[in-house]
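Here is what each chain is made of, one letter per residue.
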Amino acid sequence: MNTPVLVLNVNFEPINVCNTRRAVGLILTEKADMVLNGRGWIHTVSIAIPRPSIIRLEHMIHRPRPRVKLTRREVFRRDEFTCQYCGRHASDLTLDHVLPRHLSGEHAWTNVVTACPKCNHHKGGRRLEEAHMILMHLPTEPPSNAYYIFGRHLIENNEWEPYIQGW
Ligand SMILES: [Zn+2]
């Protein structure tokens, strides 16, 4: 019941991901329609309903375009799971504040990068210049298009692809 379900606005704009339990609740209360199923059936006491993969709200939700949340996982994804100092892929990646927090470095997209433990340790609490290190890419906020925002779900939900493209 925790499988992610893509939520579309009335105009088919992808706006959110919720779990199956919530999606079924929205369908049963007629707040949303099923757009795509294909995941089998859910049996309740009295009825069986198809398990949704994509639903569409019945009423338009007006809200600003979603932005990518600044989380470890999203920083790693932006940086393609690559240390931004040495270019290595590592399984034990860390977050590095380019300008260290104790020097008033912000916790913001433009100041956080993926670093391997070795580079992070080497840099310590120093500025780049002091540590004689350079970044492979200047960190920026990821694009706020639907394809990027919901793209991390595509591996397991590739049927979403046509619905998140172009938004
Ligand atoms: Zn490194």
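Everything discussed here concerns the structure shown above.
None of the values given here were measured: they were computed from a predicted structure.

Undergrad: Could you give an account of the side chain of Asp96, with specific residues and numbers?
TA: The topology assignment puts Asp96 in strand S7 (residues 94-97). Here Asp96 falls in the buried class, since its relative accessible area comes to 3%. Side chain to side chain, Asp96 and Tyr85 meet in a polar contact 2.5 Å long. Contacts of Asp96, omitting those with residues within four sequence positions, involve Tyr85, Asn111, Val112, Val113, Ala115, Asn120 and Lys123.

Undergrad: Give me the nonpolar core: which residues, what numbers.
TA: Ranked by internal contacts, the top residues of the largest apolar core, which has 17 residues, are Leu6, Ile54, Val68, Val75, Phe150, Trp160 and Ile164. Excluding anything up to four places from it in sequence, Val68 contacts Glu74, Trp109, Pro142, Pro143, Tyr148 and Ile149. Grouped together as the second largest cluster of nonpolar side chains are 11 residues, Val113, Cys119, Ala131 and Leu135 included.

Undergrad: How would you sum up the packing of aromatic side chains? Please name residues and give values.
TA: All chains considered together, the criterion is met by 0 aromatic pairs. Lying across the ring of Tyr148, Arg77 places its NZ or CZ 4.3 Å from the centre.

Undergrad: Summarise the coordination of the zinc ion; cite the residues concerned and give the values.
TA: Bound to the zinc ion are the protein donor atoms Cys83 (SG), Cys86 (SG), Cys116 (SG) and Cys119 (SG), situated 2.2 to 2.3 Å from the metal. Given 4 donor atoms and angles of 104 to 114° at the metal, the environment of the zinc ion is assigned as tetrahedral. Sequence spacing among the residues donating to the zinc ion works out to C-x2-C-x29-C-x2-C. There is no split in this pair, since Cys116 and Cys119 are both buried.

Undergrad: Describe the pattern of salt bridges, listing the residues and the values that go with them.
TA: Summed over the entire model, instances satisfying the criterion amount to 7 salt bridges. In this structure, Glu159 engages Arg39 in a salt bridge whose closest nitrogen and oxygen atoms are separated by 3.7 Å. Remark: Arg39 occurs in the loop between strand S3 (32-36) and strand S4 (41-43) and Glu159 occurs in the loop between helix H5 (146-150) and helix H6 (161-164); sequence separation between them is 120 residues. A salt bridge links Arg77 to Glu74; its shortest N-O distance comes to 3.0 Å. One end of the pair, Arg77, and the other, Glu74, are both in helix H2 (residues 72-78), 3 residues apart, so they sit about a helical turn from each other. Just as Arg77 is buried, Glu74 falls in that class too. What emerges from the salt-bridge pattern is a single network uniting Glu74, Arg77 and Arg152.

Undergrad: If you had to explain the side chain of Asn120 to someone new, which residues and values would you point to?
TA: Examined against the element boundaries, Asn120 turns out to sit in helix H3 (residues 117-123). Setting aside anything within four residues of it in sequence, one finds Asn120 in contact with Thr94, Leu95, Asp96 and Ala115.

Undergrad: Just give me the short version of the environment of Pro4, but keep the residues and values in it.
TA: With respect to the secondary-structure elements, Pro4 resides in strand S1 (residues 4-8). Distance from Pro4 to Cys18, taken between C-alpha atoms, is 5.6 Å for residues 14 residues apart in sequence. For Pro4, the contacting residues outside a window of four places in its chain are Val17, Cys18, Arg39, Ser53, His153, Asn157 and Trp160.

What counts, and where the lines are drawn
- Residues numbered from 1 in each chain as written.
- Predicted model: local features only at pLDDT ≥ 70, side-chain atom pairs only at ≥ 80, totals over all residues.
- Heavy atoms only, no water.
- Helix = DSSP H or I, 4+ residues; strand = E, 2+ residues; numbered from the N terminus.
- Buried < 20%, exposed > 50% of the residue type's maximum accessible area, 1.4 Å probe, protein only.
- Polar contact = N/O pair within 3.5 Å; in protein donor to acceptor, adjacent residues only side chain to side chain.
- Contact = heavy atoms within 4.5 Å.
- Core = buried A, V, L, I, M, F, W, Y, C linked by side-chain atoms within 4.5 Å.
- Phe/Tyr/Trp six-rings, centres within 6.5 Å; stacked < 30°, edge-to-face > 60°.
- Lys NZ or Arg CZ within 6 Å of the ring centre and 35° of its normal.
- Donors = N, O, S within 2.8 Å, 3.2 Å for Na, K, Ca; no water.
- Tetrahedral: all angles 85-135°; square planar, octahedral: opposite > 155°, others 65-115°.
- Salt bridge = Lys/Arg side-chain N within 4 Å of Asp/Glu carboxyl O.

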